Amino acid sequence: MIIDEGILFRRAEEKDAGTLVALYDAAARWMNRSGIEQWKVGEKDQQHFRDRMRDGEVWIAADADGRVAGGYELWWSDEEAWGVQPPVAGYVHRLMVERETAPAGTGRRMLEHAERRIARTGRERARLDCVSTNPRLLAYYQGAGYRVVGEFPSKEGEDGRVYGVILLEKRLDQLTVV
């Protein structure tokens, strides 16, 4: 467990899969209410998160009282969006914040946690993508120090729909690893 400015981080375990589905669905509902077409309720099930735990890392963030504040996935490759790449980056996916209870700044704390985790492995870049039609999310990531490095116009979702994503990265070589 890692404590970062009042947020406790721990690796997700199989028993957390239901909590992660609830986080994802709550984020999808918030996006829909906010006019953001990106995630869909029911799109990710418990098996999805168990698979990510097996193939990469899934992290849970909790507040000082132990309530789940958010979660995210950390992958060590993302050939679907980035193609075959040398092992120089970690890929952040599904940054989910529990909007009803999370302390302010939880999303940024989770990004910073992911960046430190990536840097500890000796990789020099954090990468992520966001759907092309979500300018608010793009601005959020740019505000966190990510820069646009490309676009993948034809990513295919699990439901078969095709959409564009903007590829972003942040260099971590100046990051202090604790």
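Use the structure listed above.
Residues numbered from 1 in each chain as written. Predicted model: local features only at pLDDT ≥ 70, side-chain atom pairs only at ≥ 80, totals over all residues. Heavy atoms only, no water.

Helix and strand counts for the chain come out as 5 helices and 8 strands. Starting at the N terminus and walking to the C terminus, you meet the elements of the chain as β-β-α-α-β-β-α-β-α-β-α-β-β. In terms of overall size, the chain behaves like a compact globule, its C-alpha atoms giving a radius of gyration of 15 Å where 178 residues would be expected to give roughly 16 Å. Intrachain contacts of the chain at a sequence separation of at least 6 include 63% that bridge at least 24 residues. (Helix = DSSP H or I, 4+ residues; strand = E, 2+ residues; numbered from the N terminus. Rg over C-alpha atoms; globule rule 2.2 N^0.38 Å. Contact = heavy atoms within 4.5 Å.)

On to helix 1 (residues 17–33), then. Between the first and last C-alpha of helix 1 there are 24 Å, a value that for 17 residues agrees with the 24 Å anticipated at 1.5 Å per step. Positive phi appears at glycine 35, one or two residues downstream of helix 1, with a value of about 80°. (Expected span 1.5 Å × (residues − 1).)

Within the secondary structure layout, arginine 125 lies in strand 6 (residues 125–131). In this structure arginine 125 comes out as buried when scored by relative accessible area, which is 18%. Polar contacts involving the side chain of arginine 125 include one to the side chain of glutamate 169, which spans 3.3 Å. When sequence neighbours within four positions are dropped, the list of residues in contact with arginine 125 reads Val88, Ala89, Gly90, Ile118, Glu169, Lys170, Arg171 and Leu172. (Buried < 20%, exposed > 50% of the residue type's maximum accessible area, 1.4 Å probe, protein only. Polar contact = N/O pair within 3.5 Å; in protein donor to acceptor, adjacent residues only side chain to side chain.)

Taken as a whole, the largest pocket holds about 970 Å³ of empty space. Considering the residues around the largest pocket, the lining is formed by 43 residues, among which Met31, Gln38, Trp39, Arg94 and Leu137 are closest to the centre. Elements with a minimum of two residues in the lining of the largest pocket: helix 1, helix 2 (46–55), strand 5 (89–97), helix 4 (106–120), strand 6, helix 5 (135–143), strand 7 (147–156) and strand 8 (162–171). It is strand 5 that contributes the most residues to the lining of the largest pocket, 6 residues altogether. Here the lining of the largest pocket is built from residues that sort into 21 nonpolar, 8 polar and 14 charged. (1 Å grid on protein atoms, 1.4 Å probe; cavity = no way out; pocket = protein on both sides within 12 Å on 5 of 7 lines; lining within 4 Å. Points joined across faces, edges and corners; volume = space filled by probe spheres on them. Nonpolar A, V, L, I, M, F, W, Y, C, P; charged D, E, K, R; others polar.)

Turning our eyes to something else, we now look at the environment of tyrosine 91. Note that tyrosine 91 resides in strand 5. Sequence-wise, tyrosine 91 and aspartate 78 are 13 residues apart; in three dimensions their C-alpha atoms are separated by 6.8 Å. Apart from residues no more than four positions distant in its own chain, tyrosine 91 is found in contact with Glu73, Leu74, Trp75, Trp76, Ser77, Asp78, Trp82, Gln85 and Arg127. There is a polar contact of 2.9 Å between the side chain of tyrosine 91 and the side chain of arginine 127.

Put simply, helix 1 and helix 2 touch, their axes get as near as 8 Å, and they point 115° apart. It follows from the interaxial angle that helix 1 and helix 2 lie roughly perpendicular. Where helix 1 crosses over helix 2, the two elements pack in a sense that is right-handed. In this structure, helix 1 uses Ala17, Gly18, Leu20, Val21 and Tyr24 to contact helix 2, whose residues at the interface are Gln46, Phe49, Arg50 and Met53. Here the residues of the contact of helix 1 with helix 2 sort into 6 nonpolar, 2 polar and 1 charged. (Axes fitted to C-alpha atoms, helices over the stretch in contact; angles between N-to-C directions. Parallel < 35°, antiparallel > 145°, perpendicular 65-115°, else oblique. Left-handed = near helix turned anticlockwise from the far one by under 90°.)

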